[in-house]
Amino acid sequence: MTTQDIAASGTAAGEPIDTVARGNSRLYGALFIALIVGLLIAPHLLYPVFLMKVLCFALFAAALNLLLGYGGLLSFGHAAYFGFASYVSAHAAKVWGLTPELAILAGTATAVVLGLIFGALAIRRQGIYFAMITLALAQLIYFVSLQSAFTGGEDGIQGVPRGNLFGVIPLTDDRTLYYVVAAIFLFGFLLIFRIIHSPFGQVLRAIRDNEPRAISLGYRTTQYKLAVFVLSAGLAGLAGGTKAIVFQLASLTDVHWTMSGEVVLMTLVGGMGTIFGPIVGSVIVVSMQNYLASFGAWVPIIQGIVFVVCVMLFREGIIGVLSRWVKRPL
Amino acid sequence: MFELLGVSPQVLFGQLLLGLINGSFYAVLSLGLAIIFGLLNIINFAHGAQYMMGAFVAWMLLQYAGVGYWWSLLIAPLVVGATGIVIERLFLSRLQNVDHLYGLLLTFGLALIIQGVFRNEYGVSGLPYGIPRELAGGNNLGFMFLPNYRAWVVVAALAVCIVTWLVIERTRLGAYLRAATENATLVGAFGINVPMLVTLTYGFGVALAGFAGVLAAPIYAVNPNMGADLIIVVFAVVVIGGMGSILGSIVTGFALGIVEGLTKVFYPEASSTVIFVIMILVLLVKPAGLFGRAA
Amino acid sequence: MGIKTWLLATTFIVGAFSAAQAQIPVKLGVLNDRSGVYADLSGEGSVIAARLAAEDFKAAEKGINVDIISADHQNKPDVGSNIARQWYDRDGVDVILDVPTSSVALAVSQITREKNKVLIASGPGATELTGKQCSPNTIHWTYDTYSLGKGTGSAVVAQGGDTWYFLTADYAFGHALERDTAEVVKNAGGKVLGQVKHPFPGGDFSSFLLQAQASNAKVIGLANAGGDTINAIKQASEFGIVAGGQTLAGLLVFLSEVHALGLEAAQGLVLTEAFYWDQNDGTREWSERFAAQHGGKKPTMVHAGVYSGTLHYLKGVEATKSKDPEKVLQWMRDNPSEDPLFGKGEVRVDGRHVHDMYLFKVKAPGDSKGPWDYYEQLAVIPAADAFRPLDGEACNLVK
């Protein structure tokens, strides 16, 4: 089972390595500044609640991408970490009365633990089996969320207070909350960027491209895979917890397997194994849901068509294609 | 009179039998998945949608052409299988040389489209489909009332599974198939049209899903979402059984149906999760699945 | 400039001014499920119902300019609340209508209160909307789970069905439905012999149905909804449960679902609804107009509720000559509602709209005169008994 062609557009071959590295870091610097400027300007042009939704999903997709694009592991059950964390955060903020940042942390921590347990189980198999196992485990979480008392069953947890950040700054205003969410997103995103470009990330890519060789080089690939799984689950939890505070609710939608499918779609559209792909993908998919809402039943069909088109014609995703044009990993 | 944990043997027998009936659906569906996986190496996420299509085609045949249950049992799988062949030719055949995960993603997208189109056309409340007159009513077995139709489901499912197994294990065609599963290039070198074999195999696997759909139509609501959640359970069944053998997928399907049936008596709250729990246990003990070959 | 032209111009300006003042633009947003499990019982039909209300009210002649928009919340609370916020913040929507799926309705109710607008909920069933999470800005129009359980429970016991067994969907909603109904049954002198909790969504019910059958209860109460109820009823008919003398009582069943089941499977089912198209000339005439615009499908009680609620709201706008939510809502609470579909009713201080409910029995195929002729009316549950009494402990608006 090889996973080479999943996002193999990572490296620009044929140039001396230090030139590439210097060119890349300059490019990344420019792109990050553009991203930050964009984040600052956006709420003045667009509806902040919509933007916050995009950011939550962008972080979620980036977390999945870390696992899929750089670890070569397709999880079809990431909704479990995203959704369950949003339940825990909502519960923490509403019932325990924690401040929003602590509530989000509680959700993230839960996702990490969950990721550790499920990851340990799932990485026993590879490829398609891995995908099916993560899906089945996520379905287990779905049933737990449906039946346990604290999640409120079908009604979900409603009326979660946005609260005061650090107990001081009230987050009722959409704009204020937006900047907090943007900061969380940026933190998660930079963390992922760091991970990818660390020695750990290098090993990860080596495992993705050729696991037997990585093993023969003396790497304990299982531990690497588990570590990236836990990181990815935790970041998905961070996104889910943030979403609970933004929308002031947590519901079954976020633990359902369709959510797992949606986040894979975002990553696929934007470009697996690209840094900026998940952001682009989530902007597209979330806008699609938002602006096509009046088309009703057509939304899932359009999503399905996008899936098929991407797989058939566009496997590198939007950023993947761009990256090939500029001959730089993006 | 012995009682087991407060459950009388009558009830227990009844539940075992009902479990076997549900297991029939798992077995036919996981068999289809296993055959497709064997040759194409992809997990057919659209299997649930194709199961749903089987039920809908049966309903349409009745509604628009006046074709009854028995003919539907033959025609609907053929129709669904034919759509499968089109899908294989149009899409899957072009994905042979890329990572198999793309096959999963593609069929996932197809499932969304198929389910969405049916939802648009027929709504979601479901459509009525009656039990064929010949199988109406039932027999009192002493320990339970067994509707004739349920008995038929077990017989039909078992028959299809056994015939399929015999074809694969005992015929020349099956031998080609098994050989191609092992080494497609080599089989191609012997002058066998492997792409054709692949196409037909996918069509057949999908037709099995359609067959299960027709079987389900009279007892479950004919509804665009009827396969969406079922498919995940079948995935778990497949993980438990391991994809190693055709027989394995059949046996696991029936066995898990029975286990689920027993859970419904002793601890009904867990009956939707029991298969997933078993999956976890199997993964811990035997990562390749009960019948699987180690990867 | 001559005096005549001056006068003319003045009249014109004054005329234009007074006309502008009289024209009240009202924007209604129908927010419901257009693609999922509730699309048939709400969906596009609710948009048609709202439009019919504006037409029948002759809103345009009365200087109220009604604009209706709609969107699909996909039964996802985050999608629903996102649309609601956007409608209130940017699109100038004054009233949100329908909103089936309790989780979405509760979220939208909260936003409606925060933005001080109006929510007239016809689709959802959660008693929370007028209980713990009640809001001065929300009116719960058509039904709630309590009223259905209460109607079916008490009426069935009164007709001799005094031993019950529950088939309960194993999540909060199913538990609540079972609890409320069981209480009613006990209060009416009936007995609950047992219950079995089935997973949600259920799929195969045969095992649970056999347990219910073995209990020998006269009535099997289906404390579940949607596809689960349909599957349970379908399989009950297969196992000959109704033929064997037991009665099925649906605690949350809609006309569209009976239509989906077909009479063969659904016959004998007892259920409570707020409206049925074939009750009197008024309902028949309206339902015919509705069906003409909705591909021949008859309205469900949710559709009728959207119509009735919209009508009452528009009356409030006309009477108060404004669309100030506080004024209009006050008027809606102070004045009884009346229309051909729901008859007389009133809006309580907790937001509950109370009106008569009806107990129906699904006809046998032989008794039905044709498509959509499904129900036979067994009893009227008067408004005073049909809903949960005002409860100061649950809702803090009640003094």
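Nothing here was measured: the structure is a model prediction, and the numbers come from that model. (Residues numbered from 1 in each chain as written. Chains lettered and ligands numbered in written order. Predicted model: local features only at pLDDT ≥ 70, side-chain atom pairs only at ≥ 80, totals over all residues.)

**Q** Give a description of the overall build of chain B that names residues and reports values.
**A** On a plain count of helices and strands, chain B comes out with eleven helices and two strands. Its helices and strands taken in sequence order, chain B reads α-α-α-α-β-β-α-α-α-α-α-α-α from the N to the C terminus. Compactness check: chain B gives a C-alpha radius of gyration of 19 Å against a globular reference of 19 Å for 295 residues, within 12% of the reference. Within chain B, buried positions represent 57% of all 295 residues. Considering only residue pairs separated by 6 or more positions, chain B has 76% of its internal contacts joining residues 24 or more positions apart. (Helix = DSSP H or I, 4+ residues; strand = E, 2+ residues; numbered from the N terminus. Rg over C-alpha atoms; globule rule 2.2 N^0.38 Å. Buried ≥ 20, exposed ≤ 12 C-beta atoms within 10 Å, placed from the backbone. Contact = placed C-beta atoms within 7 Å.)

**Q** Pulling in residues and values, what's your account of the overall build of chain C?
**A** Within chain C, the secondary structure is distributed over 14 helices and 15 strands. In terms of C-alpha radius of gyration, chain C reaches 23 Å, essentially the compact-globule figure of 21 Å for 399 residues. Taken along the three principal axes of its C-alpha coordinates, chain C extends 95 × 45 × 35 Å. Across the 399 residues in chain C, those meeting the buried criterion constitute 62%. Considering only residue pairs separated by 6 or more positions, chain C has 71% of its internal contacts joining residues 24 or more positions apart.

**Q** So, the sheet that holds strand β2 (residues 64-72) of chain C: which residues are in play, and what are the values?
**A** Across a sheet, strands are paired by hydrogen bonds formed along the backbone, either parallel or antiparallel in direction. Residues and elements named next belong to chain C. In spatial order, the strands read β2-β1-β3-β4-β5; together these five strands make up an open sheet with parallel pairing. Only two strands of the sheet have a single partner each, and these edge strands are β2 and β5 (138-140). Geometrically, the sheet is characterised by an average inter-axis angle of 20° between neighbouring strands, direction not taken into account. Its contacts with the sheet place helix α3 (residues 77-89) against β1 (24-32), β2 and β3 (95-98), and it is angled at close to 175° to β1. In the packing of helix α12 (residues 301-320) onto the sheet, contacts are made with β1, β2, β3, β4 (118-121) and β5, and the angle to β3 comes to roughly 155°. (Pairing = 2+ DSSP bridges. Axes fitted to C-alpha atoms, helices over the stretch in contact; angles between N-to-C directions.)

**Q** Describe the interface of chain A and chain B, with residues and values.
**A** Taken together, the contacts link 35 residues of chain A with 33 residues of chain B. The set of elements that each furnish at least two residues to the side of chain A that touches chain B consists of α5 (127-147), α10 (257-270) and α12 (298-313) of chain A. Here the side of chain A that touches chain B gets eleven residues from one element, more than from any other, and that element is α5(A). Grouping the amino acids of the side of chain A that touches chain B by side-chain chemistry returns 23 nonpolar, eight polar and four charged. (Nonpolar A, V, L, I, M, F, W, Y, C, P; charged D, E, K, R; others polar.)

**Q** Give a detailed account of the sheet that holds strand β13 (residues 353-354) of chain C, specifying residues and quantitative values.
**A** Residue and element names in this part refer to chain C. What the three strands build is an open sheet, ordered β11-β12-β13; its pairing is antiparallel. Each of the sheet's edge strands pairs with one partner strand only, and the pair in question is β11 (337-339) and β13. Summarising the sheet, strand β12 (residues 343-347) and β13 pair through two bridges and their orientation is antiparallel. Opposite V347, over in β13, you have H353 as the bridge partner.

**Q** Describe the pairing of β1(C), naming the residues involved and giving the relevant values.
**A** Residues and elements named next belong to chain C. Sheet topology places β1 next to β2; nine bridges connect them, and they run parallel. Residue pairing across strands places P25 opposite N65, the latter belonging to β2. Since β1 and β2 lie parallel, the crossover through helix α2 (residues 43-56) that links them has a hand, and here it is right-handed. Pairing of β1 with β3 involves four bridges; the strand directions are parallel. (Right-handed = clockwise from strand over helix to strand, strands pointing away.)

**Q** Quick rundown of unusual backbone geometry? Include the residues and the values.
**A** The phi dihedral of K327(A) is positive, around 55°, even though this residue is not glycine. Classification of K327(A) as exposed rests on a count of 12 C-beta atoms within 10 Å. The backbone of Q74(C) shows a phi angle near 55°, a positive value even though the residue is not glycine. Structurally, the position occupied by Q74(C) is in the loop between β2 and α3. C-beta crowding within 10 Å serves as the criterion here: with 25 such atoms nearby, Q74(C) is assigned to the buried category.

**Q** Tell me about the interface of chain C and chain A, and please be specific about residues and values.
**A** Of the residues lining the interface, 28 residues belong to chain C; the matching set on chain A comes to 25 residues. Here the side of chain C that touches chain A gets eight residues from one element, more than from any other, and that element is α3(C). Looking at side-chain class alone, the side of chain C that touches chain A contains eleven nonpolar, nine polar and eight charged residues.

**Q** Summarise the confidence of the model for chain C; cite the residues concerned and give the values.
**A** Residue and element names in this part refer to chain C. When the pLDDT values of chain C are averaged, the result is 88; 94% of them are 70 or greater. In the model, residues 10-20 has pLDDT below 50 throughout and makes zero contacts with residues more than four positions away in sequence or in other chains. Among the prediction metrics, the complex's ipTM stands at 0.84, with pTM recorded as 0.84. (pLDDT = per-residue confidence, 0-100.)

**Q** An account of the nonpolar core is needed here, citing residue identities and associated values.
**A** The biggest cluster of nonpolar side chains holds 344 residues, and the ones touching the most others in it are L59(A), F60(A), M132(A), A136(A), V28(B) and A236(B). When residues of this core are assigned to domains, at least three map to each of domain 1 (25-143 + 280-347) and domain 2 (146-273 + 356-379) of chain C. If we ignore the near neighbours within four places in the chain, the residues touching F60(A) are F82(A), A236(A), A239(A) and V263(A). (Core = buried A, V, L, I, M, F, W, Y, C linked by C-beta atoms within 7 Å. Domains from an automatic or database assignment.)

**Q** Give a description of helix α10 (residues 246-266) of chain B that names residues and reports values.
**A** Here α10(B) spans 31 Å end to end across 21 residues, near enough to the 30 Å set by a 1.5 Å rise per residue. Counted residue by residue, α10(B) has 15 buried out of 21 residues, so it is predominantly covered. (Expected span 1.5 Å × (residues − 1).)

**Q** Talk me through the packing of α12(C) against helix α13 (residues 325-334) of chain C; I want residue IDs and the actual numbers.
**A** Residue and element names in this part refer to chain C. Contact geometry of α12 with α13 gives a least axis separation of 9 Å together with a crossing angle of 115°. The angle between α12 and α13 falls in the class roughly perpendicular. The two elements α12 and α13 cross, and the hand of that crossing is right-handed. Residue-level inspection shows H312, Y313, G316, V317, A319 and T320 of α12 in contact with α13, the latter providing K327, V328, W331 and M332. Class assignment of the residues belonging to the contact of α12 with α13 gives a composition of six nonpolar, three polar and one charged. (Parallel < 35°, antiparallel > 145°, perpendicular 65-115°, else oblique. Left-handed = near helix turned anticlockwise from the far one by under 90°.)

**Q** Help me get a handle on the UniProt feature "domain: Leucine-binding protein" (unreviewed entry) in chain C, residues and values and all.
**A** Feature annotation in UniProt places "domain: Leucine-binding protein" (unreviewed entry) on residues 25-364 of chain C, given in this structure's numbering. Between the first and last C-alpha atoms of residues 25-364 of chain C the distance is 48 Å; the span itself is 43% helix and 21% strand. (UniProt positions renumbered as here; feature names shortened; annotations may be inferred.)

**Q** Could you give an account of helix α9 (residues 230-241) of chain B, with specific residues and numbers?
**A** All names here are of chain B. Taking 1.5 Å as the rise per residue, α9 with twelve residues should run 16 Å; its terminal C-alpha atoms sit 17 Å apart, in good agreement. Where burial is concerned, most of α9 is hidden: twelve out of the twelve residues are buried. The complete set of buried residues in α9 reads L230, I231, I232, V233, V234, F235, A236, V237, V238, V239, I240 and G241. In the stretch just after α9, G242 is the one whose phi turns positive, near 80°.

**Q** An account of the domain arrangement of chain C is requested, with residue identities and associated values reported.
**A** By a widespread convention, an interface's size corresponds to the accessible area lost as its parts come together. Residues and elements named next belong to chain C. Each assigned domain of chain C is listed with its residue range as follows: domain 1 (25-143 + 280-347) and domain 2 (146-273 + 356-379). One C-alpha centre belongs to domain 1, the other to domain 2; they are set 28 Å apart. Domain 1 puts ten residues into the contact, and the matching count from domain 2 is twelve residues. Grouping the amino acids of the side of domain 1 that touches domain 2 by side-chain chemistry returns four nonpolar, four polar and two charged.

**Q** Describe the packing of helix α3 (residues 79-94) of chain A against α5(A), listing the residues and the values that go with them.
**A** Residues and elements named next belong to chain A. In the contact formed by α3 and α5, the axes pass within 9 Å of each other and the chain directions differ by 25°. Classified by the angle their axes make, α3 and α5 are roughly parallel. Considering how the two elements wind past one another, α3 and α5 form a crossing that is left-handed. Here α3 contributes A79, A80, G83, F84 and Y87 to the contact with α5, which in turn contributes L137, A138, I141 and S145. Considering only residue class, the contact of α3 with α5 consists of seven nonpolar, two polar and no charged.

**Q** Please provide a residue-by-residue account of the confidence of the model for chain B, values included.
**A** Per-residue confidence for chain B averages 87 on the pLDDT scale, and 96% of its residues sit at or above 70. By mean pLDDT, strand β1 (residues 138-140) of chain B is the weakest element of chain B at 81, and helix α3 (residues 69-90) of chain B is the strongest at 95.

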